[in-house]
Amino acid sequence: MLIRDHFRVGRFVLACGLAMALVSGAQAAGLGVSEDTFGTLSDGTEVDIYTLTNANRMEVTILTYGGIVQSIRVPDRNGKIDDVSLGFDDLQGYVERSPYFGALIGRFGNRIAGGTFTLDGETYQLPVNNGPNSLHGGTKGFDKRVWSASPIRTGDRVGVELTYFSPDGEMGYPGNLAVTVRYTLNNDNDLRIHYSAVTDAPTVVNLTNHVYFNLAGAGNGTILDQVAMLNADRITPVDDTLIPTGAFMSVAGTPFDFTQPKPIGQDIRADHQQLAYAEPEQGGYDHNYVLNNPGNLDALAARVTDPESGRTVEMYTTEPGVQFYTSNFLDGLQGQDGETYKHWGGFTLEAQHFPDSPNQPDFPSTVLRPGEKYTQTTIYSFRPK
Ligand code: BGC
């Protein structure tokens, strides 16, 4: 056989192999996805739970209710596995008392001032559910909807694809919005979230995920000793209802500076107006950090490490901002395994466009028009350090 023919045969065999892998979903060793029933809503709708596993004994569970990341089990430096995301054991917890634990947030993550905005000359009124403002998509946002789901099996990832159709006018937002979210896990301990959405009329979109992390294990004390680095030189400062003033504030020389790693609790009680707006009595972070490398999925956006267990989460995102929130409103909430979630018992890293963007002409736009596609990719990586 001529060399050329060898190549041809080789290429053919390779192509067949690839095709078979795609058809049969052949997986890298150790990856798995399974599905089970989690519970039933009062209207009889069944809620399912998908379990993603990898070769490093990492396990992530995701609910069709709210697209909620219900648990993220990660080994520590000695191999001890713990769930690093706050949540509940049962559906009732999520329905009745969840402060957005692990949930997909939409149509608009974070706050819109007065619950109102104007787009193309039309003014829209949204439900007001947080002081004078609309928070996280209104009274019944994407976090409280049941999503359609199907498993994902590609060569090096497993996951679940969730879809939700948000009709025109839902929670006051214009346009029919079709949303797809793909959660996947690989053997590098990357939990990747890919979002996309299309609309048939001009609207605003700002999707995010609201996992509360405690790298020492959910319910295991506060996160004050965990060491954070946020790759952001500025925040968008807020007023006393946590709406951005429209200004940008340099973090240099303030308690907001996490450009060099420091314990989250180091400056949390400092005397600073912005900390007091977030938590008037004891201080806290609840602010949008303006990332230094917006749109760059290869640039590290944030890293938090628990010195005690050695567990680390790194965040990479295509979004321009991240809401860093230190659970300032948690105070003895009963969570999973009989645990109690304390004040400062978790932190969030919500990849997002900036809060109140529809009313802030100087912020990156959150407008989505027919023919355009909203996309976001965010990765929470638990690669051992
Ligand atoms: C907000 C907090 C809010 C929390 C609700 C965060 O995204 O920034 O102010 O209390 O969500 O759980």
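Here, every reference points to the structure presented above.
Quick caveat: nothing in here was measured; it's all calculated off a predicted structure.

Draft legend 1. Structural context of the overall build of the protein chain. Helix and strand content of the protein chain: three helices and 29 strands. Taken along its principal axes, the extent of the C-alpha atoms in the protein chain is 80 × 55 × 45 Å. A buried classification covers 54% of the 385 residues belonging to the protein chain. Considering only contacts within the protein chain whose residues lie at least 6 apart along the sequence, 65% involve residues at least 24 apart.

Draft legend 2. Summary view of the sheet that holds strand β29 (residues 374–381). Read from one edge to the other, the open sheet built from nine strands follows the order β11-β12-β13-β14-β29-β23-β22-β17-β20, with strand pairing classed as antiparallel. Strands with a single pairing partner mark the edges of an open sheet, and in this sheet they are β11 (148–154) and β20 (262–263). In this sheet, β20 lies alongside strand β17 (residues 227–230) in antiparallel orientation, the contact comprising two bridges. If you follow A228 over to β20, its bridge partner there is K262.

Draft legend 3. Structural context of the nonpolar core. Formed by 63 residues in total, the largest nonpolar core has its most connected members in I72, Y183, Y289, F347 and L349. Examining the composition of this core, we find that five residues originate from one element, strand β13 (residues 177–185), more than from any other. Not counting the four nearest positions on each side in its chain, Y289 is found in contact with L230, A232, R234, I235, V251, F256, F258, P320, G321, V322 and F324. Counting 22 residues, the second largest nonpolar core, distinct from the first, contains L41, I49, L86 and L333.

Draft legend 4. Broad picture of the pattern of salt bridges. Within the structure shown, the criterion is met by nine salt bridges. The partner of D82 in a salt bridge is K80, and the shortest N-O contact between them spans 3.5 Å. Put simply, E161 and R182 hold a salt bridge, and the shortest N to O gap is 2.7 Å. Residue E161 is found in strand β12 (residues 157–166), and its partner R182 is found in strand β13; the two are separated by 21 residues along the sequence. We classify E161 as partly exposed; its relative accessible area is 24%. The exposure class of R182 is partly exposed, given its relative accessible area of 30%.

Draft legend 5. Local environment of the site of the ligand. Taken together, the neighbourhood of the ligand is formed by P99, Y100, R111, H136, H210, Y212, L242, D286, Q323, Y325, F329 and E350. Contact distances for the ligand include 2.8 Å between an oxygen atom and a side-chain N or O atom of Y212. When isolated, the ligand has an accessible area of 310 Å², and the protein chains bury 95% of it. By residue class, the composition of the shell around the ligand is six nonpolar, three polar and three charged.

Draft legend 6. Main features of the packing of aromatic side chains. This model, assessed by the stated rule, comprises 22 aromatic pairs. Look at F88 and F101: their rings are 5.3 Å apart centre to centre, the planes differ by 40°, and that puts the pair in the tilted class. You can see F88 sitting in the loop between β5 (81–83) and α2 (91–97) and its partner F101 sitting in the loop between α2 and β6 (103–105), a full 13 residues away along the chain. Exposure remark for F101: the relative accessible area of 0% places this residue in the buried category. Where F213 meets F382, the ring centres are 6.2 Å apart and the plane angle is 55°; that geometry is what we call tilted. Here the residue F213 occupies a position in the loop between β16 (208–210) and β17, and F382 occupies one in the segment after β29, the gap between them amounting to 169 residues.

Draft legend 7. Up close: the pairing of strand β23 (residues 312–317). Burial runs high along β23: six of the six residues are buried. Both faces of β23 are covered, namely the face carrying T312, E314 and Y316 and the face carrying V313, M315 and T317. Relative to β23, strand β22 (residues 302–305) is paired through four bridges, and the arrangement is antiparallel. The residue bridging T305 from the neighbouring strand is T312, located in β23. In textbook terms, the turn of a hairpin is the stretch between consecutive antiparallel strands, and for β22 and β23 this stretch comprises six residues, one of which, G310, has a positive phi near 80°. In the sheet, β23 pairs with β29 via four bridges, with the strands oriented antiparallel. Following the sheet pairing, E314 is matched in β29 by S381.

Draft legend 8. How the structure looks around the side chain of D286. Within the fold, D286 resides in strand β21 (residues 286–290). One buried charged residue, D286, remains without a salt bridge, the closest side chain of opposite sign being R111 at 4.3 Å. Non-local contacts of D286, meaning those with residues more than four positions away in its chain, are made with R111, L242, A278, Q323, F324, Y325, N328 and F329.

Draft legend 9. The sheet that holds β5, seen in detail. One open sheet accounts for five strands, arranged β1-β2-β3-β4-β5; its pairing is antiparallel. Edge positions in the sheet fall to β1 (32–40) and β5, since each of these pairs with one other strand and no more. Sheet twist, expressed as the mean angle between neighbouring strand axes with direction ignored, is 15°. Strand direction decides the pairing type here: β1 and strand β2 (residues 46–53), joined by eight bridges, are antiparallel.

Draft legend 10. How the structure looks around unusual backbone geometry. Following G106, the chain continues into R107 via a peptide bond in cis, with omega recorded as 0°. You can see R107 is positioned in the loop between β6 and β7 (111–112). Despite not being glycine, R57 has its phi angle at roughly 65°, a positive value. Taking relative accessible area as the criterion, R57 reaches 48% and is therefore assigned partly exposed.

About the cut-offs
- Residues numbered from 1 in each chain as written.
- Predicted model: local features only at pLDDT ≥ 70, side-chain atom pairs only at ≥ 80, totals over all residues.
- Heavy atoms only, no water.
- Helix = DSSP H or I, 4+ residues; strand = E, 2+ residues; numbered from the N terminus.
- Buried < 20%, exposed > 50% of the residue type's maximum accessible area, 1.4 Å probe, protein only.
- Contact = heavy atoms within 4.5 Å.
- Pairing = 2+ DSSP bridges.
- Core = buried A, V, L, I, M, F, W, Y, C linked by side-chain atoms within 4.5 Å.
- Salt bridge = Lys/Arg side-chain N within 4 Å of Asp/Glu carboxyl O.
- Near = heavy atom within 4 Å.
- Polar contact = N/O pair within 3.5 Å; in protein donor to acceptor, adjacent residues only side chain to side chain.
- Areas by Shrake-Rupley, 256 points an atom, 1.4 Å probe, with all protein chains shown as cover.
- Nonpolar A, V, L, I, M, F, W, Y, C, P; charged D, E, K, R; others polar.
- Phe/Tyr/Trp six-rings, centres within 6.5 Å; stacked < 30°, edge-to-face > 60°.
- Lys, Arg positive; Asp, Glu negative; His and termini not counted.
- Axes fitted to C-alpha atoms, helices over the stretch in contact; angles between N-to-C directions.

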